[in-house]
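As a plain string of letters, each chain reads:
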Amino acid sequence: EDEAFLEAFQERIDREEKIEPNDPMPEGYRRTLVRQISQHAHSEIIGMQPEGNWITRAPSLKRKAALLAKVQDEGGHGLYLYAAAETLGVTREELVEQLLQGKAKYSSIFTYPTLSWADIGAIGWLVDGAAIMNQVPLCRCSFGPYARAMIRVCKEESFHQRQGYEIMLTLCNGTPEQKAMAQDALDRWWWPSLMMFGPHDSESQHGDQNMAWKIKRFTNDALRQKFVDATVPQAEFLGLKVPDPDLAWNEEKGGYDIGPIDWDEFRSVLKSGGFCGRDRIRNRRRAEEDGAWVREAAAAFAEKQATRQAD
Ligand code: 3HC
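The rules behind each value
- For every chain, the first residue of the written sequence is number 1, and numbering continues from 1 onward in sequence order.
- The predicted origin of the model limits local features to residues at a pLDDT of at least 70 and limits the giving and counting of side-chain atom pairs to 80 or more, whereas totals for whole chains, interfaces and linings rest on all residues.
- The basis for the side-chain values is all heavy atoms of the structure; hydrogens and waters are excluded.
- Helix and strand assignments come from DSSP, with helices taken as H or I runs of at least 4 residues and strands as E runs of at least 2, each series counted from the N terminus.
- With the radius of gyration taken over C-alpha atoms, the globule rule is written as 2.2 Å times the number of residues to the power 0.38.
- Each residue is placed in one exposure class: buried if its accessible area under a 1.4 Å probe, protein chains only, is under 20% of its type's maximum, exposed if it is over 50%, and partly exposed if it falls in between.
- What makes two residues a contact is simply this: any of their non-hydrogen atoms within 4.5 Å.
- A pair is scored as a salt bridge if a Lys or Arg side-chain nitrogen falls within 4 Å of a carboxyl oxygen belonging to Asp or Glu.
- A molecule or strand has a residue near it when one of that residue's heavy atoms lies within 4 Å.
- Any pair of N or O atoms that falls within 3.5 Å is considered a polar contact. Within protein, one atom must be able to donate a hydrogen and the other to accept it, and sequence-neighbouring residues count only if both atoms are side-chain atoms.
- Following the grouping adopted for this structure description, the nonpolar residues are Ala, Val, Leu, Ile, Met, Phe, Trp, Tyr, Cys and Pro, the charged ones are Asp, Glu, Lys and Arg, and the polar ones are all others, Gly among them.

Undergrad: Teacher, can you tell me more about the overall build of the chain here?
TA: Within the chain, the regular secondary structure consists of 13 helices and two strands. For a compact globule of 311 residues, the expected C-alpha radius of gyration is about 19 Å, and the chain comes in at 21 Å, within 12% of that figure. When its C-alpha atoms are laid out on the principal axes, the chain stretches across 70 × 50 × 35 Å. Within the chain, the proportion of its 311 residues that are buried is 47%. Restricting the contact set of the chain to residue pairs at least 6 apart, pairs at least 24 apart contribute 78%.

What follows is the structure in structure tokens.
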């Protein structure tokens, strides 16, 4: 693409215009959006597994119903996002195949195991809390279909976060064993939740370009900081201790300082699939195989409908 084209495109971005699928766009803009939206979609779909793990073991019908609704929502978020990615010229089948072949990333947070019911509270509170921090700015993303998908997703995400926090509150107001379960879950989910925001800005491969193209409205570290500043007071209200000995309020910056994030763990989880990565993909492959007949039947029915209408 020549300089003039790139400049004209950047001017559209700077004028806060929405880019729509049929608009001329730099190949790099299209490619980074396919990359990010497909990984986002994969994350939503794979994220159904750790949470779904507790549907049959929820402690009450109320908790089971809320968790069922949440897992179903995540599936819907994945479908919106695959649909947004398809507007950029890729097919859902291609994207799913990349995931099943281990060629596509999804958020490392979903490779961690859900060991107790308190994990379901911690996931809603922390993981969906982090997702909201990241997804609200994406509602103003320069690419129309992605921004519009996020508006619907964010409405449902706030329910997810509230039901998670309410589970944590119930446990913290319960027996000492229940409170200990909540603390154990916070200890295991705190740092992987911070990793959801991506590497530090200095290490972020796509950050600068994605900020220039207004795909991202805030950098990885800026969103992480907002998340920490909003979440630490909630942990204090719960009477739980954030597992970071270096956590301290910094009056000058008006936010918390945190200790070092273990990027070796982050890189090794990305490389090896972490605790449950292999299971997650194996389960997803089985679901793909088990669901093949449904897709074939739906396609055959759609074809019959189309020929009937044509006659
Ligand atoms: N897990 C796995 N990969 C990660 C990651 C994480 N937590 N954080 C960063 N990465 C990857 C990036 O994808 C990139 O790899 P790639 O070049 O192969 O795509 C590499 O690490 C470098 O990171 P960058 O900062 O350069 O990448 P981005 O600019 O894309 O920033 C991001 C990473 C902040 C995750 C961004 O992609 C983003 O905002 N994505 C959309 C939101 C999203 O995907 N959230 C994931 C969870 S979805 C969720 O929680 C749903 C809720 O309902 C539970």
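There is more to say after this.
Undergrad: Please explain the pattern of salt bridges as it appears in this structure.
TA: Opposite charge on two side chains permits them to pair, given that their charged atoms come into close proximity. Applying the stated criterion across every chain, the model contains 22 salt bridges. Between Arg-148 and Glu-20 there is a salt bridge; the shortest N-O distance is 2.8 Å. Residue Arg-148 is located in helix H7 (residues 144-172), and its partner Glu-20 is located in the loop between helix H1 (3-14) and helix H2 (27-46); the two are separated by 128 residues in the primary sequence. On the basis of relative accessible area, Arg-148 is assigned to the partly exposed category, the value being 47%. Using a relative accessible area of 24% as the deciding quantity, one classes Glu-20 as partly exposed.

Undergrad: What is the right way to read the environment of Tyr-146 from this model?
TA: Mapped onto the elements, Tyr-146 comes out in helix H7. We classify Tyr-146 as buried; its relative accessible area is 0%. Spatially, the C-alpha atom of Tyr-146 lies 8.0 Å from that of Ala-85, the residues being 61 residues apart in sequence. Those residues in contact with Tyr-146 that lie beyond four places of it in its chain are Leu-33, Gln-36, Ile-37, His-40, Leu-81, Ala-84, Leu-138 and Cys-141.

Undergrad: Just to check I follow, could you spell out the site of the ligand for this structure?
TA: Taken together, 33 residues surround the ligand, and among them Glu-74, Lys-105, Gln-205, His-206 and Lys-216 come closest. A distance of 2.8 Å separates an oxygen atom of the ligand from a polar atom in the side chain of Gln-39. Between the ligand and Met-195 there is a distance of 3.1 Å, counted from a nitrogen atom to a backbone nitrogen or oxygen. Breaking the shell around the ligand down by element, the ones donating at least two residues are H2, helix H6 (117-138), H7 and helix H11 (263-272). Of the residues in the shell around the ligand, the class split is twelve nonpolar, 14 polar and seven charged.

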